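# Residue-level structure breakdown
If you want the building blocks of each chain, they are given just below.
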Amino acid sequence: MLKSKNILKGFLGGVSGGMVVDLIYITFAGPSGLFTLLGITERSEVFWSHAFLGGILGILFAMILNKLPNFNIWLAGIFYGLACLALIGAIPSFIVKLTITPLTIIFGFIVWILFGLILAATLKFTDR
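Residues numbered from 1 in each chain as written. Predicted model: local features only at pLDDT ≥ 70, side-chain atom pairs only at ≥ 80, totals over all residues. Heavy atoms only, no water.

## Digging into the environment of Ile 118
Relative to the helices and strands, Ile 118 is located in helix 5 (residues 102–125). With relative accessibility at 17%, the residue Ile 118 sits in the buried group. For Ile 118 and Gly 13, which are 105 residues apart along the polypeptide, the C-alpha to C-alpha distance reads 6.3 Å. Once residues within four sequence positions are removed from consideration, Ile 118 is found in contact with Gly 13, Ser 16, Gly 17 and Val 20. (Helix = DSSP H or I, 4+ residues; strand = E, 2+ residues; numbered from the N terminus. Buried < 20%, exposed > 50% of the residue type's maximum accessible area, 1.4 Å probe, protein only. Contact = heavy atoms within 4.5 Å.)

Okay, here's the thing in C-alpha cells:
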C-alpha cells in the first residue's frame, strides 16, 4: 500500500530532480521543448515548471515503485529517467521542431538519467 510519506518522498525527490534538470540542461543545451510547446518561455517560469513537473513525476515514480517492490531501485530510476526522456524530452522537441544537436542529445541523456537516480536516491536514503 502506498503511504503518504512515500508520496512526499517522491514529490521532494522529483522537485529537486526537476531543478537539477533545469539548471543543467537549460543552462548548457537550450530551451525545453515541452514548455515551449505549452507557451512557457520566461526563465523563472521554466525553472518552477520543471520543479513542479518533477514533483509530479516523482510521485508517479513512487507509485510505480510501490507496485514493483522487488525491483532494483537504481535500475528503476534509470529506466524511469529514460522513459521521461522519451515522453517529456524528445517527443515535444520534435513536435515544436527544436534544433536537435549532439549536445542536446548528450545532455538529455545525462540529465534524465540523473533525474531518475535522484528519485531513486531520495526514496532509498530517506527511508532510514
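Now that the structure has been shown, the text picks up again.
## A short note on the packing of helix 4 (residues 73–95) against helix 5
Relative orientation of the contacting elements helix 4 and helix 5 amounts to 140°, with a least axis distance of 7 Å. Judged on the interaxial angle alone, helix 5 and helix 4 are oblique. Handedness of the helix 4/helix 5 crossing: right-handed. (Axes fitted to C-alpha atoms, helices over the stretch in contact; angles between N-to-C directions. Parallel < 35°, antiparallel > 145°, perpendicular 65-115°, else oblique. Left-handed = near helix turned anticlockwise from the far one by under 90°.)

## A word on the packing of aromatic side chains
Tallied over the full model, the rule gives five aromatic pairs. Taken together, a centroid distance of 5.1 Å and an interplanar angle of 45° make the contact between Phe 61 and Tyr 80 tilted. You can see Phe 61 sitting in helix 3 (residues 43–67) and its partner Tyr 80 sitting in helix 4, a full 19 residues away along the chain. One exposure class covers both Phe 61 and Tyr 80, and it is buried. (Phe/Tyr/Trp six-rings, centres within 6.5 Å; stacked < 30°, edge-to-face > 60°.)

## Side note on the side chain of Thr 104
Tracing the sequence through the fold places Thr 104 in helix 5. For Thr 104, a relative accessible area of 10% translates into the label buried. Among the polar contacts listed, one links the side chain of Thr 104 to the backbone oxygen of Thr 101, at a separation of 2.7 Å. (Polar contact = N/O pair within 3.5 Å; in protein donor to acceptor, adjacent residues only side chain to side chain.)

## A few points about the environment of Phe 125
Counting through the fold element by element, Phe 125 comes out in helix 5. The spacing of Phe 125 and Lys 9 is 116 residues in sequence and 9.9 Å in space, taken between C-alpha atoms.

## Let's talk about a nonpolar patch on the surface
A cluster of nonpolar side chains, Phe 52, Ile 56, Leu 60, Met 63, Ile 64, Leu 68, Phe 71, Leu 75 and Phe 79, forms an exposed patch at the surface whose accessible area comes to about 810 Å². Secondary-structure elements contributing two or more residues to the nonpolar patch are helix 3 and helix 4. On the basis of relative accessibility, which here comes to 55%, the residue Phe 52 falls in the exposed class. (Patch = residues over 30% accessible without salt bridge, like charges linked within 9 Å, V, L, I, M, F, W, Y side chains within 5 Å. Areas by Shrake-Rupley, 256 points an atom, 1.4 Å probe, with all protein chains shown as cover. Salt bridge = Lys/Arg side-chain N within 4 Å of Asp/Glu carboxyl O.)

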